[in-house]
Amino acid sequence: MILDLSQLKREGYLLLSEVDEGDLAGTAQELGPLRVDPRSPEPIRDIRPQDLESAKQNTLSSRYGTGAFPFHTDAAHWDHPAQYLGLYCVDPGEGRRATMLIDSRVWALDDDEQDLACRALWATGHVRPRLCTFAKETGSGLEIRYDMDCMKPMTREAHSLKALLEARIQDCKTTQIQWKPKDLLIIDNRRMLHARASSARPDTGRLLKRMLIGGDRNAVLEL
Ligand SMILES: [Fe+2]
């Protein structure tokens, strides 16, 4: 399958339909190698709503259970968070819950805000805490990481940046992805934030497959 990279670049995400599960790894590799988290070493990982008791420690499920998840970057605690996130729908679940997207470009941070975003210090990582910044300047704009469940503001500047970002997230337009079986969503994980909406009823049948793709020269795993 040939991915429309121009759309991914323009919109920050790409939604494909009728993708065969067997094509996932090959499609992802058009963007870069698959990367894994040592806690969950499967390169294509099953994601299901999980209650608090059965969730792994320090995961969003361990904090929010089967409820909604807040907007975040995946693998924000890595030294180099994955460049892309792939989500594939096997079963949208009985609750038909959506995945929500926010594009950080629409925040239109001014020069002072961008400087603050690239300078203010946060701590991230539960197991191996270390300093990071929310944003990094690149040739194609700011790259961001944001996950308030694994990042903690360390300075007064970072606290004021946190308040600013929360206000922007609150005010900005969101895109809702309503899943159909065999949909594949590719998200630019260093530009877009994603969240899981709530479900009106238990949806234990919901099954997505997750891939973390590219963004590190020393890839942990290449299929
Ligand atoms: Fe996520």
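These numbers were taken from a predicted model, which means no experiment stands behind them.

### Re the coordination of the iron ion
Then step 1. In the first shell of the iron ion, the protein supplies H72 (NE2), D74 (OD) and H194 (NE2), at 2.1 to 2.2 Å from the metal.
Then step 2. Considered as a linear motif, the donors of the iron ion on their single chain read H-x1-D-x119-H. Taken as a pair, D74 in the loop between β4 (69-72) and β5 (84-91) and H194 in strand β14 (residues 192-196) lie far apart in primary sequence, 120 residues in all. Judged on exposure class, the residue D74 and its partner H194 are both buried.

### Describing the packing of helix α4 (residues 111-119) against helix α5 (residues 156-171)
Then step 1. α5 packs onto α4 with a crossing angle of 120° between their chain directions and a minimal axis gap of 10 Å. In terms of orientation, α4 lies oblique with respect to α5. Crossing hand, α4 versus α5: left-handed. Facing E113, L116, A117 and R119 of α4, the residues of α5 in contact are E157, S160, L161, L164 and R168.
Then step 2. Class assignment of the residues belonging to the contact of α4 with α5 gives a composition of four nonpolar, one polar and four charged.

### Considering the nonpolar core
Where a protein is soluble and globular, its nonpolar side chains tend to be buried together.
Then step 1. The biggest cluster of nonpolar side chains holds 28 residues, and the ones touching the most others in it are W107, W122, F134, L161 and L193.
Then step 2. A per-element tally of this core places α5 first, with five residues.
Then step 3. In this structure, L161 is in contact with L116, A117, A120, W122 and F134, ignoring residues within four places of it in sequence.
Then step 4. Listed in part, the 16 residues of the second largest apolar core include L3, L14, L34 and Y88.

Calculation notes
- Residues numbered from 1 in each chain as written.
- Predicted model: local features only at pLDDT ≥ 70, side-chain atom pairs only at ≥ 80, totals over all residues.
- Heavy atoms only, no water.
- Donors = N, O, S within 2.8 Å, 3.2 Å for Na, K, Ca; no water.
- Helix = DSSP H or I, 4+ residues; strand = E, 2+ residues; numbered from the N terminus.
- Buried < 20%, exposed > 50% of the residue type's maximum accessible area, 1.4 Å probe, protein only.
- Axes fitted to C-alpha atoms, helices over the stretch in contact; angles between N-to-C directions.
- Parallel < 35°, antiparallel > 145°, perpendicular 65-115°, else oblique.
- Left-handed = near helix turned anticlockwise from the far one by under 90°.
- Contact = heavy atoms within 4.5 Å.
- Nonpolar A, V, L, I, M, F, W, Y, C, P; charged D, E, K, R; others polar.
- Core = buried A, V, L, I, M, F, W, Y, C linked by side-chain atoms within 4.5 Å.

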